[in-house]
Amino acid sequence: MGIDLEKFGSTSLAHQWILCSEWNNVITGVYPASPSSWLFVVIAILATMYTRSDPSMGLIAKIQEHLPVSDSLSIQCRTVVSAVLFSTLLWFSLIFTMRLCLKQLLSYHGWMFEQHGKVSNTTKIWAAMVRIFSGRQPLLYSYQGSLPNLPVPTVKDTVKRYLESARPLMSDSEYERMTTLAKEFESSLGNRLQWYLKLKAMWASNYVSDWWEEYVYLRGRGPLMVNSNYYGMDFLYVTPTPIQAARAGNTLHACLLYRRKLNREEIKPSRVPVLNVPLCAAQCERIFNTTRIPGEETDSLIHWQDSEYVAVFHRGRYFRLWLYHAGRMLSPREIEQQIQRIMDDPSPPVPGEAKLAALTAGDRIPWAQARKEFFSSGVNKRSLDCIEKAAFFVALDDDEQGMRGDDPAGNLDRYAKSLLHGKCYDRWFDKSFTVVVYKNGKNGLNAEHSWADAPIMAHVWEYVMTTDSFQLGYTEEGHCKGDVASSLPPPTRLTWDIPAECQERIERSLAVAQALADDVDFHVLPIQEFGKGAIKKCKISPDAFIQIGLQLAYYRNRGTFSLTYEASMTRLFREGRTETVRSCTSESCAFIRALEGGESKEVCRRLFRTAAEKHQHLYKMAMTGGGIDRHLFCLYLVSKYLGEESPFLKEVLSETWNLSTSQTPLQQVELFDFVNHPEYTTCGGGFGPVADDGYGVSYIIIGENMINLHISCKHSCPQTDSHKFGADIKKAMEDLLELLSPEKPDPSKAEQNHSKKSKKDL
């Protein structure tokens, strides 16, 4: 358990955080043992010595010989001190052994490849051993030292899997040429690059993650908005209060409650369901107090130990809002009052202030240059520091959003676009996340991608939404509950001195961002006619079902198959992030050709199940370190470091993902009640299109009867249409359900059979 800070009373928040952190570091450092187990070992050793036996086999006597001689210590005291030292060494040895055993146990992934409902004896024994060596009441980071490192696949296996994934997307001549390139790479340069990669894997916690963060995210020079950042939505059907300041009060307070649990490590470690296999929690460290800083060649991520305020944007002005007062957290009602003070402030923005955040929405190099030139000293630096060091960013939006009015579907699409890019100057896209609260009480978030992946932020947002509505609640008038302290100082207005040249830079960045935002074609599609329940009745993995449905929809939409990206997590390993599942397979293509070619239902069903099993196998391989793309990505980076050119790697890394997909898993199902409160349905979130002529599809499976889809593409591509593709996806999944559902008996035939049976009986 984490340390209880309440007893520290008036101790400063920073001091409390340090005390909590140090104590939790001790608990995590000795896990899976506990600090109290040290006393047990000491008492056991002393008790054994009392029986005149030597459990140390002479080591205690050796330690006693080397103790500094002191006349004040008797022989008996020296013996006790030696025994305590030996007990401590023994205790640390036991901890190291237990942690090593747990690490070896967690390296076993055979359980993932077993048939559903059929658990082997090996897995049963393994699961029991994991429970034994896992200890009790782990903190959030307790498992970090016991997680295995991500394995480096062999070049031969990766090349083989790549060629297998490429086969359905290439003609015979293209495939033959690529096979030649792949074999040449495997037999020559590949082995040399692999040697360097294995060297890195020996000393790095994860051979992929640091390079992935730097080269895929931080070195990107294009806009973060749309291209990288993603969003999360509010409840689909419910807005707990129509009062903007009140919704902000509860939302911000819930964020602080989550951060307090995070700092105390009271959040339970994420685990794979059923077998409770732990997942890496390293990404949680940078949720709050984190900002991406622009650079001319590469950006950097800066994380501060703590921050007691948030930066708030309202009608073109920036404010610092302190969330703590006199050593305590502000109540939701107090935060509501402070937000209302900001909204009631009549002061106009100074020249250049209103659209300042457009610098974070445009290209990175102009922003880096402007930051160095205009924000490196004086009042501008102080105000920029205030934003960048804030716990997170808050945008009070003057628009009303949500699934509402005479055009709920269209308004839902506009709501998603607003969260994705807003007006291009009313979100601080560099912050780890921006909380957006609209005029009608609807809320949402926009998150920067480099510091962590979407499931981490989704975990926070699930907690915030449910705590806001089910725990904190509102009065009958729609205000936050609680009292207000009369001594609260008002929020501080940030001041700026933005010269005309900087204002021109802002306008140029805004023009780039606005063109990008206007080109986004977005559609949010809640499917309520069927969901996970209907899919499971067909005895098919819901994810495999949806992925094959996407393949079928794309084929009908574009008349061809596409290289498909599905994100899979690799958090079974230390500092793991994601791997790619190449969802377009020879098996899925064979099924789609058969279905569209009019083959019989039996043939199509058999081919579908083969395709679904293949997809599940690929997903499991990606989760357990057997993926293709991260290995090839790292081999490519090594080749660049060595100055070696590889036609094979160059061609693989230049492939376009015309269909980029991701599932947002619902992680804390226990926080929701879809049976008694189905209206409190989370809508999930989405992201912008990855390819200029492709689609981005995010989906979340809600309960047993709902699937929410977030579909993006670009207006500038005449071949793409988010609404048409959404209709194609829905129709494809309906056709799959009809294909897989057991055939209903023909009533006329049943009546004839009954008549025959009656005559026979007579």
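Source: prediction; values computed, not measured.

Describing the side chain of Thr682
Okay, step 1: Note that Thr682 resides in the loop between β17 (659-663) and β18 (685-687).
Okay, step 2: Within the structure, Thr682 has its side chain in polar contact with the backbone nitrogen of Gly684 (distance 3.4 Å).
Okay, step 3: Discounting residues that sit within four places of it in the chain, Thr682 has contacts with Phe235, Met465, Leu666, Phe672, Ile700, Ile702 and Asn708.

Considering the sheet that holds strand β15 (residues 564-569)
Okay, step 1: Judged by pairing direction, the sheet is mixed, and its six strands sit side by side in the order β14-β20-β19-β17-β15-β16 without closing on themselves. For this open sheet the edge positions go to β14 (520-527) and β16 (578-582), each flanked by a neighbour on one side alone. Strand-to-strand twist of the sheet, defined as the mean angle between neighbouring strand axes without regard to direction, takes the value 20 degrees.
Okay, step 2: Note that strand β19 (residues 695-702) and strand β20 (residues 706-714) share seven bridges and pair antiparallel. Residue pairing across strands places Tyr699 opposite Leu709, the latter belonging to β20.
Okay, step 3: In the packing of helix α22 (residues 629-642) onto the sheet, contacts are made with β15 and β16, and the angle to β16 comes to roughly 115 degrees.

A few points about the packing of aromatic side chains
Two descriptors summarise a pair of aromatic rings, namely the distance from one centre to the other and the angle between the planes of the rings.
Okay, step 1: This model, assessed by the stated rule, comprises 34 aromatic pairs.
Okay, step 2: Measuring from centroid to centroid gives 6.3 Å for Trp367 and Trp428, while their planes differ by 80 degrees, and the two rings are edge-to-face. Of this pair, Trp367 sits in helix α13 (residues 364-374) while Trp428 is found in the loop between α15 (408-421) and β11 (433-437), placing the two residues 61 residues apart along the sequence.
Okay, step 3: By relative accessible area, which is 1% here, Trp367 ends up buried.
Okay, step 4: We classify Trp428 as buried; its relative accessible area is 1%.
Okay, step 5: Their ring planes at 65 degrees and their centres at 5.0 Å tell us that Phe470 and Tyr680 sit as a pair that is edge-to-face. Here the residue Phe470 occupies a position in helix α16 (residues 454-472), and Tyr680 occupies one in the loop between β17 and β18, the gap between them amounting to 210 residues.
Okay, step 6: For Phe470, a relative accessible area of 33% corresponds to the partly exposed category.
Okay, step 7: Given a relative accessible area of 19%, Tyr680 falls into the buried group.

Cut-offs and rules
Residues numbered from 1 in each chain as written. Predicted model: local features only at pLDDT ≥ 70, side-chain atom pairs only at ≥ 80, totals over all residues. Heavy atoms only, no water. Helix = DSSP H or I, 4+ residues; strand = E, 2+ residues; numbered from the N terminus. Polar contact = N/O pair within 3.5 Å; in protein donor to acceptor, adjacent residues only side chain to side chain. Contact = heavy atoms within 4.5 Å. Pairing = 2+ DSSP bridges. Axes fitted to C-alpha atoms, helices over the stretch in contact; angles between N-to-C directions. Phe/Tyr/Trp six-rings, centres within 6.5 Å; stacked < 30°, edge-to-face > 60°. Buried < 20%, exposed > 50% of the residue type's maximum accessible area, 1.4 Å probe, protein only.

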